[in-house]
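Examination of the molecular architecture
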Amino acid sequence: MLRRILVSFALLVAPAVAAVPTPKSYFGHEIGEDRTVLDWAKVVGYFQELQKSSDRIRVAELGKSTEGRPFIAATIADPETLKHLDHYIDIQKRLADPRITPAAEAEKLFLEGKAVVLITCSIHATEIAATHTAVEFAYRILTEDNPHYKAILQNTIVLLVPSLNPDGVDIVTRWYRKTLGTPFEGTAPPELYHHYVGHDNNRDWYIFSQVETRLTIAQLHNVWHPQIVYDVHQQGANASRLYVPPWLDPAEPNIDPILMQEMNMYGSAIAADLTAAGKTGVAIHAIYDFWTPSRHYQAFHGGLRILTEAASARIASPITLGADQISNTGLGYNPRERSWNYLEPWMGGTWTLRDICDYEMIAWDSLLYNAALHKTELLRNFYRVGQRQIERSKPWGFVISAKQRDPGATRKLIETLRFGQVEVHRGSDGSAVIPMHQPYGGWAKSLLEVQHYPNDLLYPGGPPKQPYDVTANTLPMLMGVEVRAADQPVPFAGEWTAPNPVSGPTLPAADTDSWSVVNAAWKAGKPVWRDPASGDFSLAARPGWAEHKQPRIGLYQPWQSNMDEGWTRWLLESFGFVYTTIRNADIQRGGLRQRFDAIILADQNANSIENGFGRNAMPEEYTGGLETAGAAALKEFANAGGNLILLNGASQYAISRLGVPAKTVTPDRERPELYYSPGSLLNMRVDTSSPLAYGVPAEIAAWSEHSAAWETQLPVVARYPDSGILASGWLVGEKVIAGHASLIDAPVGNGHVVLFGMRPQYRAQSYLTFKLFFNALIR
Ligand SMILES: [Zn+2]
């Protein structure tokens, strides 16, 4: 991997000749000018121009984005540094692993090395300013001779990713230009700005399911081991102008305190520099917590994660706010009041794309200059964090036994850990052994252990303080893989090697790999048989087994872009299912049973499914939902023998709009003090005699995220136990759901309506419950 990057650098390097082009001469407008947006091809072109005209920058294409656009990274440093990048990569590698670098040698490397800072922009594509700032910052640091930039070039290596989501740049630019000058100027596009996962592209940093995540991890993080990763975002328009760390509690227990202290320090330094530059509305220690590793890869790999969240304009159009429009609530601060962590409230005015770029530019300069000033300490602490990791002794390690119900999921779990640079060894009995005393032992521990999220209420008996994201990430539970913590050393031999993928006469329903084989057979026009007792598959006829037809699947896609729909698409494609995307009009037209065997509605609330965008919210063609005609068509589909599958929030649509007789026992989301499950793993009991439960054990932990539970006389496939419901994460109000249904298989006419009170296909992770979903699709 490393060799490939160096080769691509070499090919792209050219001697410094022409003058460095200004952004204005290249793009035809100043950066940050009102109502100007960028095309990705031009951003790439500009960085190539910079490389042709400056010896302080190199630009490499790391690969292609999901939709095939070039995914690029620039390396910016002193020309002498750029000539020896392989040397600095080697220093980083040696400092990252104290096992190969004695302390005396490390002392020399602290002086010789450079602080490596990775800046990643606009992963959320409507948060456009960071890509604009990247263009301007690159131009300035290549052309301005000031002491700050000199110090940065001499002491740091800046890795700049102008967009972590190149496809999104063009999706948002296309929509912005289309709606410019209309009442819809400045709205978000009616599609996901990442092809599969939209905004959840920033929740992928431990499961690594998307191309852009994998390129960034494999070619930047894992090669360069940055001391700092700065991820540049935007937030809503009505509160602080810019958030910067310190983070709110809780801090994930495996994050080294040295890193937390350094994040406090570098974040506060940015806040001080913004304030000194006259920028108001700067909040620290607010809103954003430091819990889930889905956003924080580097903090488990020895580096700091710095986040800034600037207030948004309306894409590139200015927004004007009166003092009365400033929010009076914010987690950790009040946007209308002075406090130690929000010293100068911003109380309204006009806010533009240029304003955001100005704040961001100050923040970038501040962070990089401070990294340059404290380079030696950054490197020393980086090494020290690695030392503390390899001294870790509780538990000694984890063991993943060789004999598992789901070999496919087991393989996936181990590959995921290894992609995050966890060393996995082979035990004498074929098990996988993961000792904790390794540089990223804490990372492995976080992904393998149970999360105990603090019971964090606003006041005793009051509503919960909302976590910024979900609260659980226990991969063994999500994937249905047996993993045990070992307190005593476990002998191991060489490196772990992957077992052979499934083959042979029986394809077990419990093995997720079987589903890919079955779908591939169907795609090739081959027949598939299924054992009515176990649900196992076979590609050859067997006595008592029935031939199983390939289902015709329709997946509903609303105009209110739905990340869960995107994740569902990703999952179906990953396992080889064939499906058709269907819109409001396709459903309302009726006659669905002639076209489909199964129809899926992903997690979405019932009102949004029914009504979609209001008449004045979006251009006419994107407004409305399924409405009465859609509900009637779905009922007719089920009555005629179709199989309607409703995921999480969408399951309430079956009760309120399709008349499925179940009573919801969970209160609505306005009463979180009564019941709160903000993304947690909950224990459930499964009726293994149901055809939906083929390959699934009788006791599972499934992903609950504000999920409903029901009281019903209908056939129940999964229900909560009477107590001990929380498996990992956080749950308030266990009694509310105790003993109630979480998965209903309702017979309707000749067909079925399946209500999932869970997210069975959660963010590419819940391999255990994928099978409940797959079984429902192909019944
Ligand atoms: Zn964001």
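Residues numbered from 1 in each chain as written. Predicted model: local features only at pLDDT ≥ 70, side-chain atom pairs only at ≥ 80, totals over all residues. Heavy atoms only, no water.

Things to note about the coordination of the zinc ion
Around the zinc ion, the protein contributes the donor atoms His124 (ND1), Glu127 (OE), Glu127 (OE) and His233 (ND1), at 2.1 to 2.5 Å from the metal centre. Relative to the metal, the four donor atoms surrounding the zinc ion lie at angles of 55 to 150°, and the coordination shape comes out irregular. The sequence motif formed by the donor residues of the zinc ion is H-x2-E-x105-H. Comparing His124 with Glu127 shows no difference in burial state: the two are buried. (Donors = N, O, S within 2.8 Å, 3.2 Å for Na, K, Ca; no water. Tetrahedral: all angles 85-135°; square planar, octahedral: opposite > 155°, others 65-115°. Buried < 20%, exposed > 50% of the residue type's maximum accessible area, 1.4 Å probe, protein only.)

Some words on helix 13 (residues 375–390)
The end-to-end C-alpha distance of helix 13, which contains 16 residues, comes to 23 Å, matching closely the 22 Å that a straight helix rising 1.5 Å per residue would cover. Among all positions in helix 13, only Lys375, Thr376, Leu378, Leu379, Phe382, Tyr383, Val385, Gly386 and Gln389 are buried. (Helix = DSSP H or I, 4+ residues; strand = E, 2+ residues; numbered from the N terminus. Expected span 1.5 Å × (residues − 1).)

Things to note about unusual backbone geometry
Of note, the amide linkage connecting Pro245 to Pro246 takes the cis form, showing an omega dihedral of 15°. With respect to the secondary-structure elements, Pro246 resides in the loop between strand 6 (242–244) and strand 7 (248–251). Going from Asp249 to Pro250, the amide bond is cis rather than trans, its omega being -5°. Tracing the backbone shows Pro250 in strand 7. Phi is positive for Ile315, close to 50°, though the residue is something other than glycine.

Structural notes on the pairing of strand 13 (residues 397–400)
Along any regular strand the residues' side chains alternate between the sheet's two faces. The side-chain alternation of strand 13 yields two buried faces, one formed by Gly397 and Val399 and the other by Phe398 and Ile400. Both strand 13 and strand 15 (residues 432–435) contribute to a ladder of four bridges, which runs antiparallel. Bridging from a neighbouring strand, Val399 pairs with Val433 of strand 15. Here strand 13 pairs with strand 16 (residues 483–486) via four bridges, running antiparallel. Paired with Val399 across the strands is Arg484, a residue of strand 16. (Pairing = 2+ DSSP bridges.)

Concerning the pattern of salt bridges
Throughout the structure, instances matching the rule amount to 41 salt bridges. Here Arg69 and Asp167 are joined by a salt bridge, their closest N and O atoms 2.9 Å apart. Taken as a pair, Arg69 in the loop between strand 1 (57–64) and strand 2 (70–76) and Asp167 in helix 9 (residues 166–179) lie far apart in primary sequence, 98 residues in all. Arg763 is the salt-bridge partner of Asp469, the closest N and O atoms lying 3.1 Å from each other. (Salt bridge = Lys/Arg side-chain N within 4 Å of Asp/Glu carboxyl O.)

Section: the pairing of strand 15
Side chains of strand 15 alternate between two faces, with Ala432 and Ile434 and Val433 and Pro435 buried alike. Note: strand 14 (residues 425–427) against strand 15, two bridges, orientation antiparallel. Residue pairing in the sheet places Arg426 in a bridge with Ala432 of strand 15. Count of turn residues in the strand 14/strand 15 antiparallel hairpin: four residues, of which Gly430 carries a positive phi of about 90°.

Some words on the nonpolar core
Phe47, Leu160 and Leu777 are the most contacted members of the largest nonpolar core, which totals 217 residues. Take this core: its biggest share by element is 11 residues, from helix 12 (residues 353–373). Those residues in contact with Phe47 that sit more than four places away from it in its chain are Ile57, Val59, Ile72, Ala74, Ala134, Val135, Ala138, Leu160 and Pro162. If you look at the next biggest cluster of nonpolar residues, it comprises 34 residues, including Ala633, Leu646, Tyr653 and Ile655. (Core = buried A, V, L, I, M, F, W, Y, C linked by side-chain atoms within 4.5 Å. Contact = heavy atoms within 4.5 Å.)

With respect to the packing of helix 5 (residues 85–96) against helix 6 (residues 103–112)
Direction vectors running N to C along helix 5 and helix 6 enclose 135°, while the axes themselves pass 10 Å from each other. Taken together, the axes of helix 5 and helix 6 are oblique relative to one another. In this structure, helix 5 crosses over helix 6, and the sense of that crossing is left-handed. When helix 5 is examined against helix 6, the residues His87, Tyr88, Ile91, Arg94 and Leu95 are found in contact with a partner set consisting of Glu105, Ala106, Leu109, Phe110 and Glu112. For the contact of helix 5 with helix 6, the residue count by class is six nonpolar, one polar and three charged. (Axes fitted to C-alpha atoms, helices over the stretch in contact; angles between N-to-C directions. Parallel < 35°, antiparallel > 145°, perpendicular 65-115°, else oblique. Left-handed = near helix turned anticlockwise from the far one by under 90°. Nonpolar A, V, L, I, M, F, W, Y, C, P; charged D, E, K, R; others polar.)

Looking at the side chain of Asn775
With respect to the secondary-structure elements, Asn775 resides in helix 25 (residues 767–778). Residue class for Asn775 comes out buried when judged on its relative accessible area of 1%. Here Leu692 takes part through its backbone oxygen, which lies 3.0 Å from a polar atom of the side chain of Asn775. Dropping the residues within four chain positions of it, Asn775 is found in contact with Trp515, Arg530, Pro691, Leu692, Ala693 and Tyr694. (Polar contact = N/O pair within 3.5 Å; in protein donor to acceptor, adjacent residues only side chain to side chain.)

A few points about the side chain of Arg56
Mapped onto the elements of the fold, Arg56 is located in the loop between helix 3 (40–53) and strand 1. Among the polar contacts made by the side chain of Arg56, one reaches the main-chain carbonyl oxygen of Ile141 at a distance of 3.0 Å. What Arg56 contacts, discounting residues up to four positions off in sequence, is Thr75, Ile76, Ala77, Pro79, Leu82, Ile141, Leu142, Thr143, Glu144, Asp145 and Leu153.

Overview of the sheet that holds strand 20 (residues 546–548)
The strand order across the open sheet built from three strands is 19-18-20, with neighbouring strands paired in antiparallel fashion. Two strands close off the open sheet at either side, each with one partner strand: strand 19 (537–538) and strand 20. Of the strand pairs in this sheet, strand 18 (residues 528–530) and strand 19 are connected by two bridges, and their pairing is antiparallel. Each residue of the ladder has a partner; that of Trp529, found in strand 19, is Ser538. Lying over the sheet, helix 17 (residues 512–523) contacts strand 18, strand 19 and strand 20, oriented at roughly 135° with respect to strand 18.

Details of the packing of aromatic side chains
Counting across every chain of the model gives 36 aromatic pairs. On the numbers, 5.4 Å between centres and 50° between planes, the contact of Phe27 with Tyr46 is tilted. Of the two residues, Phe27 is situated in helix 2 (residues 23–27) and Tyr46 in helix 3; the sequence distance between them amounts to 19 residues. Aromatic pair Trp175 and Tyr622: ring centres 5.5 Å apart, planes at 75°, arrangement edge-to-face. Of the two residues, Trp175 is situated in helix 9 and Tyr622 in the loop between helix 21 (606–611) and helix 22 (627–639); the sequence distance between them amounts to 447 residues. Accessibility assignment for this pair places Trp175 and Tyr622 in one class, buried. What links up through ring pairs into an aromatic cluster is the set Trp515, Phe537, Phe575, Phe577, Tyr767, Phe770, Phe773 and Phe774. In this arrangement the basic side chain of Lys42 is found over the ring face of Tyr26, its NZ or CZ atom lying 4.9 Å from the centre. (Phe/Tyr/Trp six-rings, centres within 6.5 Å; stacked < 30°, edge-to-face > 60°. Lys NZ or Arg CZ within 6 Å of the ring centre and 35° of its normal.)

Remarks on the sheet that holds strand 3 (residues 115–121)
Taken together, eight strands build an open sheet; the order of strands is 1-2-4-3-5-10-6-8 and the sheet is mixed. The sheet is open, and its two borders are formed by strand 1 and strand 8 (282–284), each paired with just one other strand. Strand-to-strand, the axes of this sheet are offset by a mean angle of 20°, without reference to chain direction. Alignment of strand 2 against strand 4 (residues 156–161), held across three bridges, turns out to be antiparallel. Residue Thr75 lies in a different strand from strand 4, and its bridge partner there is Leu159. Each of strand 2, strand 3 and strand 4 is contacted by helix 8 (residues 147–155), which is oriented at about 95° to strand 4, the strand it contacts most. Along the sheet, helix 11 (residues 257–276) contacts strand 5 (228–235), strand 6, strand 8 and strand 10 (304–311); its crossing angle with strand 10, the most-contacted strand, is approximately 35°.

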